[in-house]
Amino acid sequence: AAYFLAVHALKFPQWRWLCLLLALFAGYHVLFMLHGRTGYVIIVCLTFLLIYQLFRWRGIFMALLPLLTFGGIIFVTSDVIQQRIGHIPKEFQQHQLGDGVTSVGLRTEYLQHGLTLVRQSPWIGHGTGSVGHDYWQFIQPEQRDKHTVNLHNEYLMMMVQLGIIGLAVFIYLFYVLWRDSERLNDAYIFMAQGIVL
């Protein structure tokens, strides 16, 4: 939403100030109010995409230092962001020591087990909807409370179910969407590429 509103502010002058204000509110919501950390990665990627779309690589290089400075200031002055980012190594360590179930720990475990499932059938995978069944068969009885049907990583899910071939087709779909976005009108090129990213 923050990205779409920023694009509207740039491309539709009659709504510029309203869209810019709403984009700032949406960005604030992602940075300071949401509990997840994925939004941080997405907002950074979309910010760099917007700069690239407007100014190409030269703009990225020119904006890099100001953006890193701004990001550093936000990190240093925000207890919320410091806490959320700072918890990543702690959660990983907690998981390694077996001191409890954490978000980072579970995702690490899902990644390890998922890659093991991929190695069992790398090219064509285990079949659509197979994650829950195969994960249950794979994990130890004492880990059954951590059973999942969702590995929390779409690319890993695709490889477990459809193998490397399925993942390649999935990535090719993104390429086609990106390529064909160039056929759209001005602002909609930006928005279509933002959705793909």
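A quick note: this is a predicted structure, and the numbers were derived from the prediction, not measured. (Residues numbered from 1 in each chain as written. Predicted model: local features only at pLDDT ≥ 70, side-chain atom pairs only at ≥ 80, totals over all residues. Heavy atoms only, no water.)

1. Examining helix α7 (residues 154–181)
Thought 1: Taking 1.5 Å of rise per residue, 28 residues should cover 40 Å, yet α7 covers just 22 Å from first to last C-alpha, more than 12% shy of that figure.
Thought 2: Along its length, α7 reaches its greatest deviation from straightness, about 125°, at Leu162.
Thought 3: All of the buried residues along α7 are Leu156, Met157, Met158, Met159, Val160, Gln161, Gly163, Gly166, Leu167, Phe170, Val176 and Ser181.
Thought 4: Capping of α7 at its N-terminal end is provided by Asn153; its side-chain oxygen lies 3.0 Å from the backbone amide nitrogen of Tyr155. (Helix = DSSP H or I, 4+ residues; strand = E, 2+ residues; numbered from the N terminus. Expected span 1.5 Å × (residues − 1). Bend = angle between axes of the 7 residues up to and from the residue. Buried < 20%, exposed > 50% of the residue type's maximum accessible area, 1.4 Å probe, protein only. Polar contact = N/O pair within 3.5 Å; in protein donor to acceptor, adjacent residues only side chain to side chain.)

2. Overview of the packing of helix α1 (residues 2–11) against helix α2 (residues 16–33)
Thought 1: α2 packs onto α1 with a crossing angle of 160° between their chain directions and a minimal axis gap of 8 Å. As summarised for this structure, α1 and α2 are arranged roughly antiparallel, according to the angle between their axes. Both α1 and α2 take part in a crossing whose hand is left-handed. Residues Ala2, Leu5, Ala6, His8, Ala9 and Leu10 of α1 form the contact with α2, whose own contacting residues are Arg16, Cys19, Leu20, Leu22, Ala23, Ala26 and Gly27.
Thought 2: Here the contact of α1 with α2 is composed, by residue class, of 10 nonpolar, two polar and one charged. (Axes fitted to C-alpha atoms, helices over the stretch in contact; angles between N-to-C directions. Parallel < 35°, antiparallel > 145°, perpendicular 65-115°, else oblique. Left-handed = near helix turned anticlockwise from the far one by under 90°. Contact = heavy atoms within 4.5 Å. Nonpolar A, V, L, I, M, F, W, Y, C, P; charged D, E, K, R; others polar.)

3. Considering the layout of surface pockets
Thought 1: Taken as a whole, the largest pocket encloses approximately 1,100 Å³ of empty space.
Thought 2: Every residue lining the largest pocket is counted, 36 residues in all, and those nearest its centre are Leu31, Ile43, Val44, Thr47 and Phe70.
Thought 3: Of all elements in the fold, only α1, α2, α3 (38–77) and α4 (79–97) reach the threshold of two or more residues within the lining of the largest pocket.
Thought 4: Looking at the lining of the largest pocket, the element that brings in the most residues is α3, giving 19 residues.
Thought 5: Here the residues of the lining of the largest pocket are counted per class, giving 32 nonpolar, four polar and no charged.
Thought 6: Approximately 830 Å³ is the volume found for the second largest pocket.
Thought 7: For the lining of the second largest pocket, the element with the most residues is α3, which contributes five residues. (1 Å grid on protein atoms, 1.4 Å probe; cavity = no way out; pocket = protein on both sides within 12 Å on 5 of 7 lines; lining within 4 Å. Points joined across faces, edges and corners; volume = space filled by probe spheres on them.)

4. Considering the environment of Leu50
Thought 1: The topology assignment puts Leu50 in helix α3.
Thought 2: The exposure class of Leu50 is buried, given its relative accessible area of 13%.
Thought 3: Counting along the chain gives 65 residues from Leu50 to Leu115, while the straight-line C-alpha distance between them is 34 Å.
Thought 4: With residues up to four places along the chain from it excluded, the contact list for Leu50 reads Tyr3, Ala6, Val7, Leu10 and Phe190.

5. Thoughts on the nonpolar core
A general feature of soluble globular proteins is that nonpolar side chains tend to end up buried together.
Thought 1: Grouped together as the largest cluster of nonpolar side chains are 14 residues, with contacts concentrated most on Leu151 and Val160.
Thought 2: Mapped onto this core, the elements with two or more residues apiece are α5 (103–120), α6 (131–138) and α7.
Thought 3: The leading source of residues in this core is α7, at seven residues.
Thought 4: Excluding anything up to four places from it in sequence, Leu151 contacts Tyr110, Gly114, Val131, Tyr135, Leu156, Met157 and Val160.
Thought 5: Counting residues in each nonpolar core, the second largest holds 11 residues, with Val7, Ala23, Leu46 and Ala187 among its members. (Core = buried A, V, L, I, M, F, W, Y, C linked by side-chain atoms within 4.5 Å.)

6. Observations concerning the pattern of salt bridges
Thought 1: On inspection of all chains with the given rule, the structure shows three salt bridges.
Thought 2: A salt bridge links Lys11 to Asp186; its shortest N-O distance comes to 2.9 Å. With Lys11 in helix α1 and Asp186 in helix α8 (residues 186–196), this pair connects stretches of sequence that are 175 residues apart.
Thought 3: On the basis of relative accessible area, Lys11 is assigned to the partly exposed category, the value being 23%.
Thought 4: A residue is classified by how much of its surface remains accessible, and Asp186, at 46% relative accessible area, is partly exposed.
Thought 5: With a shortest N-O distance of 3.7 Å, Arg183 and Asp180 are connected by a salt bridge.
Thought 6: By relative accessible area, which is 69% here, Arg183 ends up exposed. (Salt bridge = Lys/Arg side-chain N within 4 Å of Asp/Glu carboxyl O.)

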